[in-house]
Every structure is written in C-alpha cells, then in structure tokens.
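So you can see what is in the structure, the chains are spelled out below.
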Amino acid sequence: IGFCQSYEGPESVDFHAPSNRYFISNPPAGQILSLDVDGELSVFANNLSSPHGLEVLGDILFVCDGSSIIGYSISTGIEVINENLSATFLNGITSNGVDKLFLTDFSGKDIYSFDVNTKEADLLSINIGAMPNGIVYDHFQDRLIVVCWNGDAPILAVDTQWGVAETLVNTGMNNLDGVGIDNSGNIYVSSWGSN
C-alpha cells in the first residue's frame, strides 16, 4: 500500500488553493498524487498512460496524458473531460485562468489551444522549429512563454490569438524544462543540461 503512494519520477506539480494541496504527476506509475499540508501523500488518479503536465483551472485538474487532455473534478476525483487531441506527446500545459488551456506537443513541435467550455482543440502553432517543453501564460502581455528542449535552447513568446512565435532570447543553456512567471513579470526557467 505504501508503494502505491510514493514518488517514482515526479514530473509536474500544481497547487489548488481552496483545498490547500499539491498535485504531482507520477508518470512511471501512471498516477497523479496529492500532497496535503500535513505531508500526507495519496493517490488522486490512477491508470493513466503517461501523465505529465498539470494545470488547475477552477475546480478541475487537467493533465497531459500522451495525446490526450484529461480533466478531473478536484472535489470528487471523477474524470470530467477526456479528449484525444491527436498530438504526439503532450507535455507542458498552462491556462489563461478563465477558459483556455495551452499545451505543448513536445515531439510534434506544436502548440495547441483547448477551450474548456466547448472542448474544442486547435493547433495554435505548427512546427515551431524547436521542441516546446514548459509553457506559462503571461497575463501581462496576453502571450505564452515557451521554453524549448535543445542546445542553446530558446525562450519563445507565442501570440495567443494567431500562434506567431518569436524568440525572446537564446539562453546558451541546454534542454530547458520548466518555466514560471512572477507577479512582477520576471521569467524563471529550469535547465536539465545546466542542472
């Protein structure tokens, strides 16, 4: 029983303020774990193929799972959305905080948008030329900040309406993975290649 509630290569984490807990994707076990403020770790969702990026939007936890986007009610744990986007490998995910998700297709080099109300997906950017990995919505400029997985990995800005991608900076670092933005608009990245 204890083994079922342990980390086996945690990939992504997101926080749900109303329940005061973290959700962690655990790809090798095909699980999403939940960690509460008392340090109690439990299994939130099971039997996924390869859960990666996580995004809390309202009372739904969204997860990138292979080529599909799956949504779970945080209050009940019940699956409420399961849409196959015909992507190659969905990895990173973010939202505009209202009704749109944005997802990176790592292997396909694409970026998808997904309307949570209509459950319609669109290819926002096709073959951006680099392997898009982490993604965050920049509410200051209504754009996406995307980090890429390659040598001299670029940080890209992607328009949320038309999908036009431009290079903000070539970092000189290799294999960028995570990206975040703070309340002042500062951007933070993690790099596997640079540790």
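To be clear, the structure that these remarks concern was listed above.
A short tour of the structure in this document, coming up. (Residues numbered from 1 in each chain as written. Predicted model: local features only at pLDDT ≥ 70, side-chain atom pairs only at ≥ 80, totals over all residues. Heavy atoms only, no water.)

**Side note on the environment of Val164**
Locating Val164 in the fold gives a position in the loop between β15 (154-159) and β16 (165-170). Under the relative-accessibility criterion, Val164 is labelled exposed at 55%. Taking the C-alpha atoms as reference points, Val164 and Leu124, 40 residues apart in sequence, are found 8.3 Å from one another. Look past the residues within four positions of Val164 in its chain and what remains in contact with it is Ser125, Ala157, Val158 and Asp159. (Helix = DSSP H or I, 4+ residues; strand = E, 2+ residues; numbered from the N terminus. Buried < 20%, exposed > 50% of the residue type's maximum accessible area, 1.4 Å probe, protein only. Contact = heavy atoms within 4.5 Å.)

**What about the pairing of strand β14 (residues 143-148)?**
Summarising burial for β14: six of the six residues are buried, a large majority. The sheet contact formed by strand β13 (residues 132-138) and β14 spans five bridges and is antiparallel. Opposite Ile135, over in β14, you have Val146 as the bridge partner. Here β14 runs beside β15; their pairing, made up of five bridges, is antiparallel. Its bridge partner lying in β15, Ile145 is registered against Ala157. Following β14, the chain reverses through five residues before pairing antiparallel with β15; Asp152 in that reversal takes a positive phi of roughly 45 degrees. (Pairing = 2+ DSSP bridges.)

**Focus on the packing of aromatic side chains**
Taken as a whole and assessed by the stated rule, the structure comprises seven aromatic pairs. Between Phe102 and Tyr137 the ring centres are 6.4 Å apart and the planes differ by 5 degrees, which places this aromatic pair in the stacked class. Highlighted residues: Phe102 in strand β10 (residues 100-105) and Tyr137 in strand β13, separated in sequence by 35 residues. The exposure classification of Phe102 matches that of Tyr137, with both residues buried. A centroid spacing of 5.9 Å and a plane angle of 65 degrees characterise the contact between Trp149 and Trp192, whose relative ring orientation is edge-to-face. Residue Trp149 is found in the loop between β14 and β15, and its partner Trp192 is found in the segment after β18 (187-191); the two are separated by 43 residues along the sequence. The exposure class assigned to Trp192 is exposed, which follows from its relative accessible area of 55%. (Phe/Tyr/Trp six-rings, centres within 6.5 Å; stacked < 30°, edge-to-face > 60°.)

**Focus: the sheet that holds strand β11 (residues 110-115)**
Pairing within the open sheet is antiparallel, and its four strands lie in the order β9-β10-β11-β12. Two strands lie at the open edges of the sheet, namely β9 (90-95) and β12 (120-125), each paired on one side alone. Along the sheet, successive strands turn relative to each other by an average axial angle of 25 degrees, direction set aside. (Axes fitted to C-alpha atoms, helices over the stretch in contact; angles between N-to-C directions.)

**A word on the sheet that holds strand β1 (residues 13-16)**
One open sheet holds the four strands; their spatial order is β1-β2-β3-β4, and the pairing between them is antiparallel. On the outer flanks of this sheet lie β1 and β4 (41-45), each paired with one strand and no other. If you compare each strand with its neighbour and ignore which way they point, the axes differ by 30 degrees on average.

**Here's the deal with the side chain of Ser73**
As for its placement among the helices and strands, Ser73 is situated in strand β7 (residues 68-73). Looking at Ser73, its side chain comes within polar contact range of the side chain of Ser75, at 3.2 Å. Discounting chain neighbours no more than four positions away, the residues touching Ser73 are Phe44, Asp59, Ile78 and Val80. (Polar contact = N/O pair within 3.5 Å; in protein donor to acceptor, adjacent residues only side chain to side chain.)

**Notes on unusual backbone geometry**
Residues other than glycine seldom take positive phi values, yet Asp152 does so here, at roughly 45 degrees. Within the secondary structure layout, Asp152 lies in the loop between β14 and β15. Look at Asp152 and you get partly exposed, because its relative accessible area is 38%. The phi torsion at Asn195 lies on the positive side, around 55 degrees, for a residue other than glycine. Along the chain, Asn195 falls in the segment after β18. Overall, Asn195 belongs to the exposed group, its relative accessible area being 86%.

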